[in-house]
Amino acid sequence: MTGPVLSIENLTAYYGDFQALFGVDLALQQGQALAIIGANGAGKSTLMRAITGILPSPRDAIRLNGQPIGHLSAPEVLEAGISMVPEGRRLFPSLSVEENLLIGAHVRTGSRYWTLDGIYDLFPILAERRHNPGTALSGGQQQMVAIGRALMSNPDVLLCDEISLGLAPVVIRDIYASFPKIRESGASVIVVEQDIGQALKIADHVCCMMEGRVTLSGAPDALSRDAIHDAYFGVS
Ligand code: ATP
């Protein structure tokens, strides 16, 4: 068996003197979906910032396909194979759907699974709207563009930060329905969610964070609702 695609060992992170992560460990296998849950301020976004190179990390604390990446800058991490769907989508408002998608294709050379046609197959509504500016779309459609743009770099690991935020349940369901196809492409997925129910439905593994630490970790089936509830709300 090959090693994990992404492994994190004893990761710490700081904002100035303030320590936000305390020795976080986790491993993500190829094609796996990992959900990271936790209340406000638990450290989920900080963990995403560390993985994507926005926050500096110790060199060996984060490894992608066995190679240390903790010391890399954000563009270098993207080039190495980790792509993020940022909270708030951050589309380029003056560009069309298609132009927004194509931006994702320029950041990484090498193996190509995802093409424009593949993204339009994943989210057919985007094909109909391909010439519309990103801002003319609904929130859910904008989220699809943000996911498509991240996939166009053909990442080994796709990070999704709070993709349910502000979307109607039916739209959230449609977006999450695309995840099996994303995983078929070989990409591993990390979702950070406050919508625990949705996250647990698609995840093979769940990590609950509190105060900068992973306080519970396991397969959703193996964890009781009570254990997840207690880890989330900090009941001891
Ligand atoms: P939320 O769901 O509210 O985004 P989170 O789980 O993502 O919460 P983080 O945003 O990672 O949590 O915050 C973890 C800790 O780091 C919190 O105590 C927060 O106040 C602190 N923090 C986050 N960003 C900064 C920053 N830019 N400067 C200083 N402290 C920060």
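Per chain, the residues get numbers from 1 upward, laid out in the order the sequence is written. Totals for whole chains, interfaces and linings use every residue, but because this is a predicted model, local features are given only for residues with pLDDT of at least 70 and side-chain atom pairs only at 80 or more, for both listing and counting. Values shown for side chains rest on all heavy atoms present in the structure; no hydrogens or waters enter the calculation.

Going by what an unreviewed UniProt entry lists, the protein chain is known as Branched-chain amino acid transport system ATP-binding protein and is assigned to Donghicola tyrosinivorans. Among the UniProt annotations of the protein chain, the heading Sequence similarities (unreviewed entry) holds the following wording: "Belongs to the ABC transporter superfamily." UniProt positions are given in the numbering used here, feature names are shortened, and annotations may be inferred rather than shown by experiment.

A. Main features of the overall build of the protein chain. A run of H or I in DSSP counts as a helix once it spans at least four residues, and a run of E counts as a strand once it spans at least two, with each numbered from the N terminus. Secondary structure summary: the protein chain contains 10 helices and 10 strands in total. We compute the radius of gyration from the C-alpha atoms alone; for a globule the expected value is 2.2 Å times N to the 0.38, where N is the number of residues. Here the protein chain has a C-alpha radius of gyration of 17 Å; the compact-globule value for 236 residues is 18 Å, and the two agree. For the protein chain, the spread of C-alpha atoms along the principal axes amounts to about 50 × 40 × 35 Å. Here the protein chain, with 236 residues, has 50% of them falling under the buried criterion. In the form shown here, the protein chain has an accessible surface area of approximately 10,800 Å², with 53% of it arising from carbon and sulfur atoms. Working convention for charge: Lys and Arg count positive, Asp and Glu count negative, and His plus the chain ends are omitted. For this purpose, a charge sits on NZ of Lys, CZ of Arg, CG of Asp or CD of Glu. Charged side chains in the protein chain number 17 positive and 24 negative. The centres of these two groups are separated by 3 Å. Only protein chains enter the calculation, and the probe is 1.4 Å; a residue is then buried if its accessible area is under 20% of its type maximum, exposed if over 50%, and partly exposed in between. Accessible surface is estimated by sampling points in the Shrake-Rupley manner with a 1.4 Å probe; for residues, cover comes only from the protein chains shown.

B. Examining the pattern of salt bridges more closely. A pair is scored as a salt bridge if a Lys or Arg side-chain nitrogen falls within 4 Å of a carboxyl oxygen belonging to Asp or Glu. Overall, the coordinates contain six salt bridges when judged by the stated rule. Between Arg173 and Asp174 there is a salt bridge whose closest N-O contact spans 3.9 Å.

C. Representation of helix 10 (residues 225-233) within the structure. All of the buried residues along helix 10 are Ile228, Ala231 and Tyr232. The buried side chains of helix 10 occupy one side of the element, clustering within an arc of 100° when seen end-on. Exposed and facing more than 90 degrees away from the buried side of helix 10 are Asp226 and Phe233. Any pair of residues with heavy atoms lying within 4.5 Å of one another is described as a contacting pair. Close packing links the buried residues of helix 10 with strand 3 (33-37), helix 9 (196-202), strand 9 (205-210) and strand 10 (213-218). Looking one or two places after helix 10, you find Gly234, whose phi comes out positive at around 75°. What the arc covers is the set of directions going from the helix axis to the C-beta atoms.

D. Looking closely at the sheet that holds strand 4 (residues 62-64). A pair of strands is treated as paired once DSSP finds two or more bridges between them. The four strands are arranged 2-1-4-5 in an open sheet whose pairing can be described as antiparallel. Of all the strands in the sheet, just strand 2 (18-28) and strand 5 (67-68) have a single pairing partner and so form its edges. Relative to strand 2, strand 1 (residues 6-15) is paired through seven bridges, and the arrangement is antiparallel. Each bridged residue has a counterpart across the sheet, and for Ala13 the counterpart in strand 2 is Leu21. Running over the sheet, helix 1 (residues 44-51) touches strand 1, strand 2 and strand 4 and is turned about 110° from strand 1. Here, axes are lines fitted to C-alpha atoms. For helices the fit covers the stretch in contact, and angles between N-to-C directions go from 0 to 180 degrees.

E. Highlighting the site of the ligand. Near residues are defined by distance, with any heavy atom within 4 Å of the molecule or strand qualifying the residue. In the vicinity of the ligand lie 14 residues, with Gly41, Gly43, Lys44, Ser45 and Thr46 positioned nearest. For this analysis, a polar contact is any N or O atom pair within 3.5 Å, provided that within protein one partner can donate a hydrogen and the other can accept it, and provided that sequence-adjacent residues contribute only side-chain to side-chain pairs. Here an oxygen atom of the ligand sits 2.8 Å away from a polar atom, N or O, in the main chain of Ser45. The separation between an oxygen atom of the ligand and a polar side-chain atom of Thr46 is 2.5 Å. A total of 620 Å² of accessible area belongs to the ligand in isolation, and the protein chains cover 62% of it. Contributions of two or more residues to the shell around the ligand are made by strand 2 and helix 1. In terms of residue count, helix 1 provides more of the shell around the ligand than any other element does, four residues in total.

F. Examining the environment of Val5 more closely. Note on placement: Val5 falls in the segment before strand 1. Taking relative accessible area as the criterion, Val5 reaches 5% and is therefore assigned buried. Separated by 58 residues in sequence, Val5 and Arg63 place their C-alpha atoms 7.9 Å apart.

G. Region of the structure containing the nonpolar core. Nonpolar cores were defined as sets of buried Ala, Val, Leu, Ile, Met, Phe, Trp, Tyr and Cys residues, with membership established by side-chain atoms within 4.5 Å. Phe179 and Ile182 are the most contacted members of the largest nonpolar core, which has 47 residues in total. Of the residues forming this core, the biggest block, six residues, is contributed by helix 6 (residues 139-151). Every residue in contact with Ile182, bar those within four places of it in the chain, is listed here: Trp114, Leu122, Ile147, Leu151, Leu158, Ala187 and Val189. Of all hydrophobic cores here, the second largest spans 30 residues; its members include Leu6, Val24, Met48 and Ile82.

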